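Here's the letter readout for the chains.
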Protein chains: 2
Amino acid sequence: MSETKIDTRLWSSKARNLSPYVPGEQPQHDNLCKLNTNENPFPPSPKVGEAIAKVLTQQAQELRLYPAPESNDLRAALAQAYDLDVSQVFVGNGSDEVLALIFASFFLKERPLLSPDIGYSFYPVYAQTFGVHLVKIPLEEDFSIDPDAYRQPCSGIIIANPNAPTGLLLSLADIRKLASEHSNAVIVIDEAYIDFAQADADSTGSQVSAVSLINECDNVIVTQTFSKSRSLAGLRVGMAFGSASLIEALTRMKNSFNSYPLDKLAQAGATASVLDVDYFEQTRQQVIDLRTSLTEELTALGYKVLPSHANFIFARPKDGNASAVASALRDQGIIVRHFDKPRINEYLRITVGTAEQHERLIDTLKELHTETSMTAD
Amino acid sequence: MSETKIDTRLWSSKARNLSPYVPGEQPQHDNLCKLNTNENPFPPSPKVGEAIAKVLTQQAQELRLYPAPESNDLRAALAQAYDLDVSQVFVGNGSDEVLALIFASFFLKERPLLSPDIGYSFYPVYAQTFGVHLVKIPLEEDFSIDPDAYRQPCSGIIIANPNAPTGLLLSLADIRKLASEHSNAVIVIDEAYIDFAQADADSTGSQVSAVSLINECDNVIVTQTFSKSRSLAGLRVGMAFGSASLIEALTRMKNSFNSYPLDKLAQAGATASVLDVDYFEQTRQQVIDLRTSLTEELTALGYKVLPSHANFIFARPKDGNASAVASALRDQGIIVRHFDKPRINEYLRITVGTAEQHERLIDTLKELHTETSMTAD
């Protein structure tokens, strides 16, 4: 529907003023090399399909009944997997819904919410949806986050870690510092990509996820998703981990909005995914290995590649003309993401794909960069 | 988590002040006769399971990819089934989510939202969640709705039709009157149960659904659900029908909250359900027939049964002691719903079940009412 034709007479002013999130495109045609929406190149655990098929065949009547409103089996499986109490676990219809409920539960205050100026582009959308005052804190020149830049009164801080679209990782020590310096604020660590992160060699510990801080810091809430490391973007399941009192707020907000966000099949499939630890460990390591080789190949082509802890890499072609590269790739059926925004418009975000997809990408880039128009520095 | 232990220090005042919806209980034990949450006694169309199994087996990779954000196939199927344009169709994660988005899109205005004092108990919850000023208009003495009682400035009117928990039907003539008298307000007709409704014998037409008014009245929005007449409460799919401009507002609100509310399996299953017209017509007629026989049997036991157009009946035992009857039934493993609220606390809401469930209910009630304590008038 084109903008000029819309009759907004009956809309609330809030509806008129929205700037909705624009998801990465999902074109549907054959032989497309789709490296734009950070989906996992591997299918989900076979146990997921088996669990869903079991609901369909052995409990044919099940779908006529409402699902468990609090997804108790799934939350119990997650609690066990992450060594938490079930009261510290919340699940929702994708981490997007979980994040929306977090905004509604904790940030409607006079003090602003702080977030890096470059991050997940849904955060400013939520802020507008829920009337939250969002203040953006500039990343450092190298796209890293300096905790000292957040020293101001705030209702909360929200950071994607690894950050999007840079892929850079904030250390647990820095997160702990933010949490202790802002004890009356809620610190949200959005770990959509954390399962692909690896501790630096010079780090004191091997842990990277802030889930390990939940019992220590009662103001930290960690969100994760089944859409990336668990290859279940199509099933819409996300979760939050935090103190029982923070989780209780989310539960009440959920039950004031939509009591049954997870259908029976999603609950069964997600639970099976959590229980299949071997498959999870195996595929996430494969993605990490593929990220390493893709980084090496792009670096060899002259790209500057940021050290990624996610299932995508953020890379700058040597002439900085990322927009032209994205467009030329698209002509060859390869879709990557380019953000036409200050500071990051010379970069491409490329999802880690299969070895075959990487070969096609690199071959195409080699051809592009030997053409005159793409070699100018 | 008990109220006294909750630490709400980090919550927003909005979160502190919520009064979440309390869904009907879903006890899990054998031999329970569950007539409390208006689920369909029949399973969903077998085509639903087949369509979902097909996604799982023929497109094993599918779940790793994000679903279609606007559920285009499902909306196209609904548009065709209801003779509308696809731009007039919205779908969401159950009609509860659709209703929440409606509250956020249309009722955040100075003028109040009007709704019957007896209706779906989620409406006042949404009003509190979104800061909407809700004014309740008393039903008539016989629980009917008088359109003239709504003659006051308002942002909108929301009515469950058939109404819950009474089961009474408002005529299309009355809905048309409300829409024309409130041309600058959004009239929401929540038709969760409409597929079980039947036009009165003295009505001028056979139509009961306000979907037939969509092209005539640009301020009417109709919500429906797959949870009742389509036996898919476990799949979480609901929809709204309205003018393209009203639907556009809902789409923008959705994309400012959660871009992908319907997972791939729910989209596939719901689409298959819409396409299986024969099964739908057959099972809804069976429910209507079962409602008729249950009404007759309860009437024979001295119950006053309101003329129901839903898949539940609202019935008053002759002594009015509905609470005691509900409690005694529960002792026998039969769960019905009793609302401890003014005006309706002498009634029971009983979901239409299978013939076997009705036999068990009626037999148990016969025994109860021959005992001394339950016969007092």
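Not measured: the values here are computed from a predicted model. (Residues numbered from 1 in each chain as written. Chains lettered and ligands numbered in written order. Predicted model: local features only at pLDDT ≥ 70, side-chain atom pairs only at ≥ 80, totals over all residues. Heavy atoms only, no water.)

### Quick word on the overall build of chain A
Now for step 1: Per the secondary structure count, chain A includes twelve helices and twelve strands.
Now for step 2: Scaling as 2.2 N^0.38, a compact globule of 377 residues should have a C-alpha radius of gyration of about 21 Å, and chain A matches this with 21 Å.
Now for step 3: If you line up chain A on its principal axes, its C-alpha atoms span 60 × 60 × 55 Å.
Now for step 4: For chain A, long-range pairs separated by at least 24 residues make up 74% of all intrachain contacts whose partners lie at least 6 apart in sequence.
Now for step 5: When the accessible surface of chain A is summed, it comes to about 14,500 Å², and 47% of that surface belongs to carbon and sulfur atoms.
Now for step 6: Distance between charge centroids for chain A: 7 Å, based on 33 positive and 47 negative side chains. (Helix = DSSP H or I, 4+ residues; strand = E, 2+ residues; numbered from the N terminus. Rg over C-alpha atoms; globule rule 2.2 N^0.38 Å. Contact = heavy atoms within 4.5 Å. Areas by Shrake-Rupley, 256 points an atom, 1.4 Å probe, with all protein chains shown as cover. Lys, Arg positive; Asp, Glu negative; His and termini not counted. Charge placed at Lys NZ, Arg CZ, Asp CG, Glu CD.)

### A closer look at the interface of chain B and chain A
Size of an interface, as often reported, equals the accessible area lost when the parts are brought together.
Now for step 1: Contacts between the two partners involve 84 residues from chain B and, on the opposite side, 84 residues from chain A.
Now for step 2: Buried surface at the junction of chain B and chain A, summed over both partners, amounts to about 6,900 Å²; 60% is from carbon and sulfur atoms.
Now for step 3: The three residues of chain B that bury the most area against chain A are Leu10(B), Tyr66(B) and Phe257(B), which together make up 12% of that side's buried surface.
Now for step 4: Counting the contacts that link chain B with chain A gives two salt bridges.
Now for step 5: Applying the counting criterion to the chain B and chain A interface returns 38 residue pairs in polar contact (both at pLDDT 80 or more).
Now for step 6: Broken down by secondary-structure element, the contributors of at least two residues to the side of chain B that touches chain A are α1 (13-16), α2 (46-58), α4 (94-106), α5 (123-130), α7 (244-254) and α8 (264-275) of chain B.
Now for step 7: In the side of chain B that touches chain A, the residues fall into 46 nonpolar, 22 polar and 16 charged. (Buried area = accessible area lost by both parts, 1.4 Å probe. Salt bridge = Lys/Arg side-chain N within 4 Å of Asp/Glu carboxyl O. Polar contact = N/O pair within 3.5 Å; in protein donor to acceptor, adjacent residues only side chain to side chain. Nonpolar A, V, L, I, M, F, W, Y, C, P; charged D, E, K, R; others polar.)

### Describing the UniProt feature "modified residue: N6-(pyridoxal phosphate)lysine" (unreviewed entry) in chain A
Now for step 1: Per the UniProt entry, the sites bearing "modified residue: N6-(pyridoxal phosphate)lysine" (unreviewed entry) are Lys228(A) in this numbering.
Now for step 2: Structurally, the position occupied by Lys228(A) is in the loop between β7 (220-225) and β8 (238-241).
Now for step 3: Sequence-distant contacts of Lys228(A), defined by excluding residues within four places in its chain, comprise Thr37(A), Asn38(A), Asn40(A), Ala192(A), Tyr193(A), Phe196(A) and Tyr66(B). (UniProt positions renumbered as here; feature names shortened; annotations may be inferred.)

### Quick look at helix α9 (residues 277-300) of chain B
Residues spaced three or four apart along an α-helix face the same direction, because each turn holds 3.6 residues.
All names here are of chain B.
Now for step 1: Helix length check: α9 (24 residues) gives 35 Å between terminal C-alpha atoms against 34 Å at 1.5 Å per residue, within 8%.
Now for step 2: Turning to α9, its buried residues are Tyr279, Phe280, Thr283, Val287, Ile288, Leu290, Arg291, Leu294 and Leu298.
Now for step 3: Where α9 is buried, its residues meet α2, β9 (304-305), β10 (312-316), β12 (348-351) and α11 (355-370).
Now for step 4: Looking at the residues trailing α9, positive phi occurs at Gly302, about 95 degrees. (Expected span 1.5 Å × (residues − 1). Buried < 20%, exposed > 50% of the residue type's maximum accessible area, 1.4 Å probe, protein only.)

### Notes on the nonpolar core
Now for step 1: Core analysis: the biggest nonpolar cluster contains 112 residues, and Leu78(A), Phe241(A), Leu78(B) and Phe241(B) have the highest contact counts within it.
Now for step 2: Leave out the neighbours within four places in its chain, and Phe241(B) touches Leu78(B), Tyr82(B), Leu84(B), Gln88(B), Val89(B), Val211(B), Ile214(B), Val220(B), Ile221(B), Val222(B), Gln224(B) and Ile247(B).
Now for step 3: Ala240(A), Leu246(A), Tyr21(B) and Tyr126(B) belong to the second largest nonpolar core, which has 76 residues in total. (Core = buried A, V, L, I, M, F, W, Y, C linked by side-chain atoms within 4.5 Å.)

### Observations regarding the pattern of salt bridges
Now for step 1: Across all of its chains, the model carries 26 salt bridges over all chains by this definition.
Now for step 2: Of the charged contacts in the structure, one is a salt bridge between Glu216(A) and Arg176(A), with a shortest N-O distance of 2.7 Å. With Glu216(A) in the loop between β6 (186-190) and β7 and Arg176(A) in helix α6 (residues 172-181), this pair connects stretches of sequence that are 40 residues apart.
Now for step 3: Using a relative accessible area of 47% as the deciding quantity, one classes Glu216(A) as partly exposed.
Now for step 4: Of the charged contacts, one joins Arg9(B) and Asp218(A) as a salt bridge, the two residues approaching to 3.6 Å between their closest N and O atoms. You can see Arg9(B) sitting in the segment before α1 and its partner Asp218(A) sitting in the loop between β6 and β7, one on each of two chains.
Now for step 5: Accessibility expressed as a relative area gives 38% for Asp218(A), which makes it partly exposed.
Now for step 6: Among the ionic contacts, a cluster of salt bridges with common partners joins Asp148(A), Arg151(A), Lys177(A) and Glu181(A).

### Some thoughts on the side chain of Asn38(B)
Residues and elements named next belong to chain B.
Now for step 1: Inspection of the secondary structure puts Asn38 in the loop between β1 (33-34) and α2.
Now for step 2: Within polar-contact distance, the side chain of Asn38 engages the side chain of Thr351 at 2.7 Å.
Now for step 3: Among residues more than four places away in sequence, those in contact with Asn38 are Tyr193, Lys228, Asn311, Phe312, Arg349 and Thr351.

### Focus: the relation of the copies chain B and chain A
Now for step 1: Rotating chain B by 180 degrees about the axis while translating it 0.0 Å along that axis superimposes it on chain A, leaving an RMSD of 0.0 Å. In symmetry terms, the pair is related by a two-fold rotation axis. Among all C-alpha atoms of chain B, that of Ala53(B) lies closest to the rotation axis, at 3.3 Å.
Now for step 2: Take the interface residues of chain B: 100% of them recur as interface residues in chain A, which is what a same-surface contact looks like. (Least-squares fit on C-alpha atoms with pLDDT ≥ 70 in both.)

### Let's talk about the pairing of strand β5 (residues 156-160) of chain A
Residues and elements named next belong to chain A.
Now for step 1: The element β5 is largely enclosed, with a buried count of five among its five residues.
Now for step 2: Here β5 shows two buried faces, one formed by Gly156, Ile158 and Ala160 and the other by Ile157 and Ile159.
Now for step 3: Pairing between strand β3 (residues 113-116) and β5: two bridges, direction parallel. When the bridges of β5 are listed, Leu114 appears paired with Ile157.
Now for step 4: Here β5 runs beside β6; their pairing, made up of five bridges, is parallel. (Pairing = 2+ DSSP bridges.)

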